[in-house]
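Report on the structure
Single-letter residue listing:
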Amino acid sequence: GQCMPNETSRREFVKDGLRGAAVGMVASHVSSRVLGANDRIRIGLIGCGGRGNYLLGKFLENSDSLNMEVGALCDVWKVNLQKTAKRLQERPARRPHLSSRFQDLLSQGDVDAVIIATPDFAHTPILIEATRLKKDAYVEKPMATRVEHANEALDLVREYDTIVQVGTQRRSDPRYHEAAKLLQTGILGKVSEVEAAWHDSKPRWARDFRDVREDEVDWPQYLMFLPPERFSPERFRRWHLFEDFTVGTPGLLGSHLIDVATWFMDDPLPATAVANGGVYVWKDGREHADTLDCVLEYPKGFLLNYSTRLGNKFPVPYGTDRPLPTTFFGTLGTFDTSSWKAQGLGGGEHALAESVEVPPGLEDERHMRNWLECLRNRKTPNASIEAGYGHSIASIMCYRAWKTGQRQYFNQQERKVGTS
């Protein structure tokens, strides 16, 4: 950006407040397959655990007003499947089709769109199959844990013009939209570094697995494309800890913050990544680092410093699980997603004389509603497949850099991650 911020754009920014937020969230690209308002849209939920049921709740809050219903449920664990089916019994709609295999759900002709809330490694393989059948999808983050999956999904979604929302819900918060617009005016001068951290001190994923019976789990389906292995209730319930099932904290937590940083900087794909860390605190058989620092470099010329420690959550405010603010350091000052102010702090001789605050957003999460509206109007949702692709490549590179101890490079032309 230019060295001195544009005074006019800054004044207009403050004056417009949130008026432009709604407009900024509506993308121009509209697909051909527009459903009439009277056509009932039927959704399939794939993954009926805690996250899946949270998303189902958001869906049910909006389904009547948008003439939508749940047509099918899928989970490899009978316990979750039956619990979620029971939750829907009070509702007047037809009884949803139940299955343990996502292919069975996708083969239901009257399922128009799916919500994918499985463990991380299954997100994109299911998205790919759904897209091939021209079904729309809401897919949890991190979108992908393998580069080849990310590439295939991106190509297919573009080819078939399906509506995909990725689960990075800050993309639907007007305050984040306004902050992105403010930073893109160049108000901070040259931004050379962004810091993002998500710390915690309690065993987030220490789920009890003593109640898991092998005869109630479709274990071969759970493993998806992975080689067969003996049934393990621990690997099933505490999948977050194991390398087969996720890329660790950069994907589980970092994807949200990496997404914010690259969105505000308007620089979606990393150039390089290095990382260091280890299992220093939770000696519970985990394969992923509980303490990890990653440094990504982006083509525009800035570092993204991403960090997670699971041994101490300071300075996260007591009693909350919110991540620390994402902070942007520029030659003219600093901006962070806690004060929501661009201030002269740390800037050089031309530092901002007065701070500019981003007006508050809406507290409720509108991410699901945005996707459901896009199923009707065929516009691109707030967290597009491209956004998901960007945070996926970054978190995969962080994990590989840690695992190998070698700097990772992303080749944008060939869409490959390697050590040179």
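On a predicted model such as this, the values are computed, not experimentally measured, just so you know.

What follows covers the overall build of the protein. Summing up its helical and strand segments, the protein has 13 helices and 16 strands in all. When the 420 residues of the protein are sorted by exposure, 56% land in the buried category. The long-range fraction of contacts in the protein, counting pairs at least 24 apart against all pairs at least 6 apart in sequence, stands at 74%. Surface summary for the protein: the accessible area is close to 18,500 Å², and the carbon and sulfur share equals 49%.

The topology assignment puts Thr246 in the loop between helix H10 (233-237) and helix H11 (249-265). A residue is classified by how much of its surface remains accessible, and Thr246, at 2% relative accessible area, is buried. In terms of polar contacts, Thr246 uses its side chain to reach the backbone amide nitrogen of Gly248, at 3.3 Å. Setting aside its immediate chain neighbours within four residues, Thr246 contacts Asp120, Thr145, Trp239, His240, Leu252 and His288.

Once that is clear, we can look at the nonpolar core. Side chains of nonpolar character tend, in soluble globular proteins, to be buried together. The biggest cluster of nonpolar side chains holds 95 residues, and the ones touching the most others in it are Val114, Leu127, Leu188, Tyr222, Phe264 and Phe335. Setting aside anything within four residues of it in sequence, one finds Tyr222 in contact with Val76, Pro119, Phe121, Arg235, Phe236, Trp239 and Phe245. Formed by 25 residues, the second largest nonpolar core is a distinct cluster that contains Ile43, Leu56, Ile115 and Met368.

So, on to the packing of helix H3 (residues 50-63) against helix H12 (residues 367-377). When two helices pack together, their arrangement is given by the angle between the helix axes and the distance between those axes. Taken N-terminus to C-terminus, the directions of H3 and H12 make an angle of 55 degrees; their axes are 9 Å apart at the nearest point. Relative to H12, the element H3 is oriented oblique. Here the hand of the crossing between H3 and H12 comes out right-handed. Counting all contacts with H3, which are made through Leu55, Lys58, Phe59 and Asn62, the residues of H12 involved are Met368, Arg369 and Leu372.

What follows concerns the environment of Phe242. Among the structural elements, Phe242 can be located in the loop between H10 and H11. Every residue in contact with Phe242, bar those within four places of it in the chain, is listed here: Glu234, Arg235, Gly285, Glu287 and His288.

Once that is clear, we can look at the sheet that holds strand S5 (residues 136-139). Ordered by their spatial adjacency, 6 strands build an open sheet running S3-S2-S1-S4-S5-S6, and the pairing between neighbours is parallel. Two strands close off the open sheet at either side, each with one partner strand: strand S3 (97-99) and strand S6 (164-166). Taken over all neighbouring pairs, the strand axes of this sheet differ in orientation by 20 degrees on average, direction set aside. The pairing of strand S1 (residues 41-46) with strand S4 (residues 113-116) spans 4 bridges and is classified as parallel. Bridge assignment links Gly44 to a residue of S4, and that residue is Val114.

What follows concerns the sheet that holds strand S14 (residues 356-357). Spatial strand order, S14-S13-S12-S11-S7-S10-S9-S8-S15-S16: 10 strands in an open sheet with mixed pairing. Both edges of this open sheet fall to S14 and strand S16 (416-418), since each of them pairs with a single strand only.

Here we take up the pairing of S1. In terms of burial, S1 is a largely internal element, 6 of the 6 residues being buried. A two-sided burial pattern is seen for S1, the buried positions comprising Ile41, Ile43 and Leu45 on one face and Arg42, Gly44 and Ile46 on the other. By the bridge criterion, 6 bridges tie S1 to strand S2 (residues 68-74) in an arrangement that is parallel. The partner of Ile43 across the bridge, within S2, is Val70. Tracing the backbone out of S1, into H3 and back to the parallel element S2 gives a crossover that is right-handed.

Take the pattern of salt bridges next. Under the criterion given, the structure shown has 26 salt bridges. Across the salt bridge formed by Arg42 and Asp110, the nearest N and O atoms sit 3.0 Å from each other. With a gap of 68 residues between them, Arg42 in strand S1 and Asp110 in the loop between helix H5 (102-106) and S4 connect regions that are remote in the sequence. Relative accessible area serves as the criterion here: at 6%, Arg42 is assigned to the buried category.

The next subject is the environment of Trp371. Looking at where Trp371 falls in the secondary structure, it is placed in helix H12. Placed 312 residues apart in sequence, Trp371 and Phe59 show a C-alpha to C-alpha distance of 9.8 Å. Here the side chain of Trp371 touches Ile163 through a polar contact of 3.5 Å, landing on its backbone oxygen.

Looking at the protein as a whole, its pLDDT mean stands at 91, while 90% of the residues score no less than 70. The model gives residues 1-11 a pLDDT under 50, and that stretch makes 18 contacts with residues more than four places away or in other chains.

Moving on, we come to the side chain of Asn62. One can find Asn62 in helix H3. Judged by relative accessible area, Asn62 falls into the buried class, the value being 11%. Setting aside residues up to four positions removed in sequence, Asn62 forms contacts with Arg369 and Leu372.

What follows covers unusual backbone geometry. A cis amide bond links Lys141 to the next residue, Pro142, at an omega of -10 degrees. Mapped onto the fold, Pro142 is located in the loop between S5 and helix H7 (147-160). In this structure, the amide linkage connecting Phe314 to the following residue, Pro315, adopts the cis form with an omega of 0 degrees. Within the fold, Pro315 resides in the loop between strand S10 (302-309) and strand S11 (327-330). One non-glycine residue, Asp266, lies in the positive phi region at around 55 degrees. Mapped onto the secondary structure, Asp266 falls in the loop between H11 and strand S8 (272-278). Given the relative accessible area of 48%, Asp266 is considered partly exposed. The backbone of Trp340 shows a phi angle near 60 degrees, a positive value even though the residue is not glycine. As for its placement among the helices and strands, Trp340 is situated in the loop between strand S12 (333-336) and strand S13 (341-343).

So, how was this worked out
Residues numbered from 1 in each chain as written. Predicted model: local features only at pLDDT ≥ 70, side-chain atom pairs only at ≥ 80, totals over all residues. Heavy atoms only, no water. Helix = DSSP H or I, 4+ residues; strand = E, 2+ residues; numbered from the N terminus. Buried < 20%, exposed > 50% of the residue type's maximum accessible area, 1.4 Å probe, protein only. Contact = heavy atoms within 4.5 Å. Areas by Shrake-Rupley, 256 points an atom, 1.4 Å probe, with all protein chains shown as cover. Polar contact = N/O pair within 3.5 Å; in protein donor to acceptor, adjacent residues only side chain to side chain. Core = buried A, V, L, I, M, F, W, Y, C linked by side-chain atoms within 4.5 Å. Axes fitted to C-alpha atoms, helices over the stretch in contact; angles between N-to-C directions. Parallel < 35°, antiparallel > 145°, perpendicular 65-115°, else oblique. Left-handed = near helix turned anticlockwise from the far one by under 90°. Pairing = 2+ DSSP bridges. Right-handed = clockwise from strand over helix to strand, strands pointing away. Salt bridge = Lys/Arg side-chain N within 4 Å of Asp/Glu carboxyl O. pLDDT = per-residue confidence, 0-100.

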